[in-house]
Amino acid sequence: MLEFNRIIFITENDNSEGPLAAVLCKKWLPLEKIEVESRGLAVVFEEPMNPKTVAVAESNDLEIEHTSKQLQDDDFGQDVLALVLDEAKKQTVYDEYPSAVNVYTITEYVNEAGSILNPDGGDLSDYAQLYDAINEATKKVAYKLRESKFQEN
């Protein structure tokens, strides 16, 4: 059994890098019984995915069907791993959600430094770089989660 039953990728609007990270993480954890989702900090109304993110995902044979969802205080729990892509979002989560626990930047969780930034407004090659960075990071998250499962036994 994994250390967490649920992973939430938290981003600003939940219409680009968060849903991409969730789909990629599911790809790296195909046999695990874990819920993987994304949420946004500032979702006023549901929005479709960013078309450039969808295009890059599709070029990598990955399908994303998602509409943005607002993060809620009851999304957190001891069995929930909350991952943000940059340090500023981590602080915002702790400041705005009293129940927030187990919040890490994705790089921090895998014992690395740095942030993964949204290329909002960039060209398709910027989104391809985003895909590569998130793909690599979610692969490391999946490895760490599986590794911790075996260390418990």
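Just so you know, these numbers come straight off a predicted model, no measurement behind them.

(A) Up close: unusual backbone geometry. Even without being glycine, D14 reaches a positive phi, approximately 60°. Mapped onto the elements of the fold, D14 is located in the loop between β1 (6-11) and α1 (17-28). The residue D61 is not glycine, and still its phi comes out positive at about 55°. Of note, D61 is situated in the loop between α2 (51-59) and β3 (80-84).

(B) Quick look at the nonpolar core. The biggest cluster of nonpolar side chains holds 34 residues, and the ones touching the most others in it are I7, F9 and L145. Where this core is concerned, the elements lending two or more residues are β1, α1, α2, β3, α4 (106-109) and α5 (124-152). At 8 residues, the largest contribution of residues to this core is made by α5. Apart from residues no more than four positions distant in its own chain, I7 is found in contact with C25, L29, I34, E35, V36, E37, L81, L83 and L145. Among the nonpolar cores identified, the runner-up in size contains 12 residues, and I8, L71, V84 and A100 belong to it.

(C) Seen up close, the pairing of β1. Counting buried residues along β1, 6 of its 6 residues qualify, which places the element largely inside the surrounding structure. Burial along β1 is two-sided: the face carrying R6, I8 and I10 and the face carrying I7, F9 and T11 are both buried. Where β1 and strand β2 (residues 35-40) come together, 6 bridges link them in parallel fashion. Pairing of I10 across the sheet is with R39, part of β2. This β-α-β element, β1 to α1 to β2, shows right-handed connectivity. Examined bridge by bridge, β1 and β3 share 5 bridges and lie parallel to one another. Looking across to β3, one finds that I10 is bridged to V84.

The rules we used
Residues numbered from 1 in each chain as written. Predicted model: local features only at pLDDT ≥ 70, side-chain atom pairs only at ≥ 80, totals over all residues. Heavy atoms only, no water. Helix = DSSP H or I, 4+ residues; strand = E, 2+ residues; numbered from the N terminus. Core = buried A, V, L, I, M, F, W, Y, C linked by side-chain atoms within 4.5 Å. Buried < 20%, exposed > 50% of the residue type's maximum accessible area, 1.4 Å probe, protein only. Contact = heavy atoms within 4.5 Å. Pairing = 2+ DSSP bridges. Right-handed = clockwise from strand over helix to strand, strands pointing away.

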